[in-house]
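Close look at the chain arrangement
Take a look at the letters that make up each chain.
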Amino acid sequence: MNPNSDRHLTLATRGSRLALRQSEIVAALLEKAHPGLEVEVHVVSTKGDVDRRPFAEIGGKGIFTSEVERELVDSRAHIAVHSAKDLTAEIADGCVIAAIPERIGAHDVVVGGAGTSGEERLANLAPGATVGTSSMRRRALLAEMRPDVQAVELRGNLDTRLRKVAEGQVDVAILAAAGIERLGDAQADSAPLNPDTWVPAPAQGALAVEARDEPWIVELILAIDDERARAEVELERAFGARLEGGCSVPLGCRAKCDGSMLIATGFLGAPEGTFSIRDRISGGAHEAVALGQELADAILQAGGDDILADLKEATAPEVVEP
């Protein structure tokens, strides 16, 4: 412990109800691990909170994390709590991911509709029904399963999205199970989607505690690191980084750690659902990053490079000749 720290940490976070709840979880874990430690929460507004355009139009990378990370770089906070799936592949100089706490459900769920599983609820939708989602990955998976329904942009915090389903603004919505679980939203009548086929976003369901790379801070935060969750997230993040995955790339990856072994599924799809690639890999948890990169390479070799080239061409700015 740094003798000048006075057993106090400042924690930077977004101000949404879910982000604040996630910060409360991390603060409680730290205070339990280090009795007498005080964690002060510092709220930051991010680009993703202010800009209401679809994620793919904003640019995707770092829209919910860059401003929070800046608080560490500028020494206004010691640590930051992020939804791990929102973190960019590269974090700021002078910062480290000091802990990945124990992970909860990584899968997606369908809110609204009729059926005991998410797949059944989507199958039961009438042609032309509206499905709320702000994710390119979910749009691609939906187009693959139900090309006859309509994906509708669904932005806003979790409360807002649940309300839009309840009010009938969309027939159903596809959301992350983790947010509903962390907030304990009883109003969310949800059914799970199978993560082996409906592959989640890399690091979905995990929290990342980023810290200034100072030994006394990192030592404190390491106490709440979960080895299993870290191995899963490292594989999934390596997969996404190899495919240059931001919000505009329909990709997913789910790793499961069983003892010292990892088993992972990767997904890359065309936005229209016309073509998708899935592959699996297994290996030792100690080689998580290499496994994620190898899985991504297999996806690329199976036609993923063509999908990425088409995506890049579709999103390239139009050149107007003088």
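Everything in this summary refers to the structure shown in the same document. (Residues numbered from 1 in each chain as written. Predicted model: local features only at pLDDT ≥ 70, side-chain atom pairs only at ≥ 80, totals over all residues. Heavy atoms only, no water.)

**Some remarks on the sheet that holds strand β4 (residues 95–99)**
- With mixed pairing, the five strands of this open sheet are ordered in space as β2-β1-β3-β10-β4. The open sheet is flanked by β2 (38–43) and β4, the only strands paired with a single partner. Here the average twist between neighbouring strands, direction ignored, is 35°.
- Bridging between strand β1 (residues 8–13) and strand β3 (residues 79–83) involves two bridges; their strand directions are parallel. (Pairing = 2+ DSSP bridges. Helix = DSSP H or I, 4+ residues; strand = E, 2+ residues; numbered from the N terminus. Axes fitted to C-alpha atoms, helices over the stretch in contact; angles between N-to-C directions.)

**What about the pattern of salt bridges?**
- This model, assessed by the stated rule, comprises 23 salt bridges.
- Of the charged contacts, one joins D159 and R17 as a salt bridge, the two residues approaching to 2.6 Å between their closest N and O atoms. Of the two residues, D159 sits in helix α7 (residues 158–166) while R17 sits in helix α1 (residues 17–33), which places them 142 residues apart along the sequence.
- For E167, the salt bridge is made with R163, and the minimal N-O distance between the two is 3.6 Å.
- Among the charged side chains, a network of salt bridges with common partners joins R103, R228, E232, E236 and R254. (Salt bridge = Lys/Arg side-chain N within 4 Å of Asp/Glu carboxyl O.)

**Examining α7**
- Buried residues of α7: L158, T160, R161, L162 and V165, and no others.
- Buried positions along α7 lie against β5 (108–111), β8 (172–176) and α8 (177–183).
- Phi turns positive one or two residues past the end of α7, at G168, with a value near 80°. (Buried < 20%, exposed > 50% of the residue type's maximum accessible area, 1.4 Å probe, protein only. Contact = heavy atoms within 4.5 Å.)

**Description of the sheet that holds strand β13 (residues 276–284)**
- Taken together, three strands build an open sheet; the order of strands is β11-β12-β13 and the sheet is antiparallel. In this open sheet, the two strands that pair with only one neighbour each are β11 (251–258) and β13. Adjacent strand axes in the sheet meet at a mean angle of 10°, parallel and antiparallel pairs treated alike.
- Relative to strand β12 (residues 261–269), β11 runs antiparallel, the two being bridged by eight bridges. Opposite D258, over in β12, you have M261 as the bridge partner.
- Helix-sheet contacts for helix α6 (residues 136–145) involve β11, β12 and β13, and the interaxial angle to β13 is about 115°.

**A few points about the side chain of T133**
- The topology assignment puts T133 in the loop between β6 (130–132) and α6.
- The exposure class of T133 is buried, given its relative accessible area of 1%.
- The residues contacting T133, other than those within four sequence positions of it, are R138, R139, A151, V152, E153, L154 and I174.

**Details of the environment of L11**
- Mapped onto the elements, L11 comes out in strand β1.
- Overall, the relative accessible area of 0% leaves L11 in the buried class.
- For L11 and S23, which are 12 residues apart along the polypeptide, the C-alpha to C-alpha distance reads 7.7 Å.
- Once you skip the residues sitting within four places of it in the chain, L11 turns out to touch S23, V26, V39, E40, V41, H42, I79 and V81.

**A look at empty space enclosed by the protein**
- Under the counting rule described, the total for this entry stands at one cavity of 30 Å³ or more.
- In this model, the largest cavity occupies a volume close to 30 Å³.
- Lining of the largest cavity is provided by S16, R17, L18, N157, L158, D159 and L183.
- When residues of the lining of the largest cavity are traced back to their parent elements, those giving at least two are α1 and α7.
- Looking at the lining of the largest cavity, its residues break down into three nonpolar, two polar and two charged. (1 Å grid on protein atoms, 1.4 Å probe; cavity = no way out; pocket = protein on both sides within 12 Å on 5 of 7 lines; lining within 4 Å. Points joined across faces, edges and corners; volume = space filled by probe spheres on them. Nonpolar A, V, L, I, M, F, W, Y, C, P; charged D, E, K, R; others polar.)

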